[in-house]
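# Architecture at a glance
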Amino acid sequence: MLALRLTRGSRPLVQLRRLLVAAAAAGSGFLLLYVLAEAAARPAGSFPRLLWALLPLAATVHLAVRTARTDPATRPREGMDAVGLGPLHLALAAAVSTAVACTLGSAVALAAFLHLRGNLGGLPFDGAGAALLHADRPLPLAAALTLLSLTPLAAAAAAAALALRPRTPAAPAAGLPWGIALAACGLAVLGHAGPGGRALPAGWALTAAGLALAGPGLAYACGALVQAVRPGALRLLAGRTLQEEAPRLGRPLGVLCAAGTAAIAAALPGRGGIGAPLGPLTGPAFALTVLCAAATLLAAAVEVRQSRAASRAALADLGAPGSVLRTAATVRAAALLAVCLPVCWGVARLTSLALTG
Amino acid sequence: MEAPPDSDVLCARSVHYSHDGSPGIAGVSVAVRRGEVLAVTGPRGSGKTTLLHCLGGRLVPRDGEVWFDGVPVHSMGALARERLRRDRFGWIGPEPALLPELTVWENAALPLLVAGTAHRTAKRTACEWLDRLDIGGLARRRPGALTRAEAQRAALARALVHEPAVVFADEPTAPLHRAERAMLLRTLTTAARSHGITVVLASHDEETAAAADRCLPLLDGRPAADPTAAGPGAPGDTPEGQAACSLSA
C-alpha cells in the first residue's frame, strides 16, 4: 500500500514517466497478442515471429527498470531510512509501482485487442482489424493472459533486483573490446545466414548486444576526447562528467545505437535482410522499440541530472554562470551524436555488406 | 543610502532575511574592515549561514543594505552577483563540495578556469596553493581518495586560489577533529593575513572564534549584544522557556 501511496503522491513529471512505461507495456503486450493470434491461425513460422516480438518486450522492460531507478519515490531517502524503510523495502516499492504501470499497460493492450477483433461488441474501422487479428478464430485465453503477464512480471522482478541494488562502479572502458567482438560475431553470423536465413535473428541479436555492451566504452571515449589537451572549464566539465556517467548513460546509448543501426540497415538496399517478420505490424513494432530506447536514454539522462545536483550546487557556490553548465550539457550531447551516428552508419553498412557479400 | 567608509570592505546595514516565512536574520548590521578576520558566532540556527549568504551575494536580503567596496550588492542583478562571487569572493563550507570527476588540482583551479584563465596558469597557481596547504602530493588524485581533512584543505585551496577580496568560511572545521581543526584555521588565517584577504568566519565553537580578530555574536537571528534580542524570554525576566512554551506533549 505504501508503494501506491508513494506513487499517488508524486509530481506530474514522474507520473508522465510512469505513463510512458504503461504505454510501452501496452504496445508490446498488443504485439504479443497479435503474434499469438497469428500462431493460432498459422502455426508455421510462428517461433521466429515470437522471437522478433520479444525485442520490443525487452526494450519495454529496459525502459521500466530505468524509470524505476529514476523514480524519486524509490530512492533511499534519509527520512525513509530513519523510519525503517531501508533500501530493501524501497526496492519492493519500486517493483510494485513498476508492476502496476505495466499491468495497466497490459490491460489496455488486451482491451484494445479485443475491441479491434470485435469481441467487445461493435467492430471499429469497418472490421479492418478483424481480418488482421484473425477474429474468426477463438483466442486461447490462458495463453493470452500468460503472455500479457510477462511484461509486468519481468519488469517488476528486474526493477526489484536491479533498480536499488548497491552498485559498484564498473570500469566503463572494459566493455568496449567485448562489445566489438560480439558485434563482429553477429556480423559473421549475418553473413553466414544470408538474407532470409534462419540464423538471421541470432545474428542481429548478437550485433545489437555487442553495440549495447560497447555503449559505456563509447561514451567514456567520447568524454576522454572532449577533455583532451589542456581543457578549459567548459571542456573539463563536459568531458569529465561524460566519463564519470558513462556506465549509467552508456547502456541505453548502446541500445539506441543498435536500434538506429537496424533503422539505417532497413533503409539501405537489401533491407538488412529482415523483411517483415511481424507482417503489417513490423513498422509499429520497430517504432515502439526505437521510442523505448530513446525514452530509456532520456530516463538515464534524468538519473544523471539527479545524481549531479550536489555538483551543480557547488559550481553555483563558486559563481559559475548557469550558461557554463548548459553549454557543457550541449557539448556532451553533440559529442555523443558525433561519435554514435558514424558508428551506427558504419555497422549498418557492414551488415548490408555481410548480407549481400 | 550612503556608501560606507573606505576602510570597510564589506558592510551590512540592518539586514533582514526570512526563509519562506521562517525567520532567518532580523536587523543585523556589521562592518568588516579590510584584511581583518571577523568571526560570526552563535549556536546552530542563530542565522550565521544566512548572514554569510547575504554578505556573499548568494541571498538578497528582504530589507536592508549590503555594500562591498563601495558597491551596493543588495541592488545587483543575479548575473552581476554571480560575477562578483566568481571574481572577488571565495567560499568554503562545512562540506568540501569538491566535484568527484575532477582531480584535486582541477578542483582547486576551478574558480580560475571558470573565469577563463589559461589552463597552464591555472594549473600552476592551483598547484602552488596545494603545496602551501601541504597537499601538493595529492594534486592528481580524485576527491574520493582523500580523507575529510585533506578534502577540506583542497576546498580551502579552491577558496583562496583566485586571491579573492573576501573569503567566507561557513563552519569550515565542522567535520574535523581538533588537531586538523587547529591546522586548517591556522592555514586560513595565515594565508588571509599574508595575502591581505578579508575573512568572514562562521563558527559555533569558542576555540575557532578565538582565531579571529573580532567577534560578532548572533542569537536567534539578531546581534546577541542587542538587548531586544532575547525578547520576553530574557534571563531575569521569567524562568527560561516558560512563557514561550505552552505546548503539552
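What counts and what doesn't
Residues numbered from 1 in each chain as written. Chains lettered and ligands numbered in written order. Predicted model: local features only at pLDDT ≥ 70, side-chain atom pairs only at ≥ 80, totals over all residues. Heavy atoms only, no water. Helix = DSSP H or I, 4+ residues; strand = E, 2+ residues; numbered from the N terminus. Polar contact = N/O pair within 3.5 Å; in protein donor to acceptor, adjacent residues only side chain to side chain. Contact = heavy atoms within 4.5 Å. Expected span 1.5 Å × (residues − 1). Bend = angle between axes of the 7 residues up to and from the residue. Axes fitted to C-alpha atoms, helices over the stretch in contact; angles between N-to-C directions. Parallel < 35°, antiparallel > 145°, perpendicular 65-115°, else oblique. Left-handed = near helix turned anticlockwise from the far one by under 90°. Nonpolar A, V, L, I, M, F, W, Y, C, P; charged D, E, K, R; others polar. pLDDT = per-residue confidence, 0-100. Salt bridge = Lys/Arg side-chain N within 4 Å of Asp/Glu carboxyl O. Pairing = 2+ DSSP bridges.

Turning next to the side chain of T351 of chain A. Residue and element names in this part refer to chain A. Checked against the element boundaries, T351 lands in helix 13 (residues 322-356). A distance of 2.5 Å separates a polar side-chain atom of T351 from the backbone oxygen of A348. When sequence neighbours within four positions are dropped, the list of residues in contact with T351 reads L187, L190, W204 and A265.

What follows covers helix 10 (residues 233-267) of chain A. The end-to-end C-alpha separation of helix 10 of chain A is 41 Å, well short of the 51 Å expected for 35 residues at 1.5 Å each. Maximum bend of helix 10 of chain A: about 75°, positioned at A246 of chain A, with proline P247 of chain A one to four residues after it.

Once that is clear, we can look at the packing of helix 8 (residues 175-193) of chain A against helix 9 (residues 200-226) of chain A. Residue and element names in this part refer to chain A. The N-to-C vectors of helix 8 and helix 9 enclose an angle of 160°; their axes lie 7 Å apart at closest approach. On the basis of their axis angle, the class for helix 8 and helix 9 is roughly antiparallel. Read as a crossing pair, helix 8 and helix 9 show a hand that is left-handed. Each of G175, L176, W178, G179, L182, A183, C185, G186, L187, V189, L190 and A193 in helix 8 lies in contact with helix 9, whose residues at this interface are L200, G203, W204, L206, T207, A209, G210, L213, A214, G217 and L218. Grouping the amino acids of the contact of helix 8 with helix 9 by side-chain chemistry returns 16 nonpolar, 7 polar and no charged.

Our focus in this paragraph is the confidence of the model for chain B. With 90% of its residues at a pLDDT of 70 or more, chain B shows a mean pLDDT of 86. Here residues 226-243 of chain B is a poorly scored stretch, pLDDT under 50, and it has 8 contacts once near neighbours within four places are set aside; other chains count.

Between side chains of opposite charge, pairing is possible as soon as their charged atoms come close. All chains considered together, the criterion is met by 20 salt bridges over all chains. Among the ionic contacts, a cluster of salt bridges with common partners joins R66, E245, R248 and E303 of chain A.

Next up on the list: the environment of V71 of chain B. Residues and elements named next belong to chain B. As for its position among the elements, V71 is in strand 5 (residues 71-72). In the structure, V71 is positioned 61 residues away from L10 in sequence and 9.4 Å away in space, judged by C-alpha atoms. With near-sequence residues (within four places) excluded, V71 lies in contact with V66 and M76.

Residue and element names in this part refer to chain B. Pairing within the open sheet is mixed, and its 6 strands lie in the order 6-7-8-3-9-10. Whereas interior strands pair on both sides, the edge strands pair on one side only; in this sheet they are strand 6 (89-92) and strand 10 (222-223). Of the pairings in the sheet, the one linking strand 7 (residues 166-170) to strand 8 (residues 198-203) comprises 5 bridges and is parallel in character. Its bridge partner being in strand 8, V166 is matched across the sheet by T198. On the sheet, helix 6 (residues 178-195) packs against strand 3 (37-41), strand 7 and strand 8 and is oriented at approximately 155° with respect to strand 8.

With that settled, the discussion passes to the sheet that holds strand 4 (residues 63-68) of chain B. All names here are of chain B. With antiparallel pairing, 4 strands are arranged side by side in an open sheet as 2-1-4-5. Only two strands of the sheet have a single neighbouring strand rather than two, namely strand 2 (22-33) and strand 5. Bridge analysis of strand 1 (residues 8-19) against strand 4 gives 5 bridges, and the strand direction is antiparallel. In the strand pairing of strand 4, L10 is matched with F68. Each of strand 1, strand 2 and strand 4 touches helix 1 (residues 48-55); the most contacted strand, strand 1, lies at about 125° to it.

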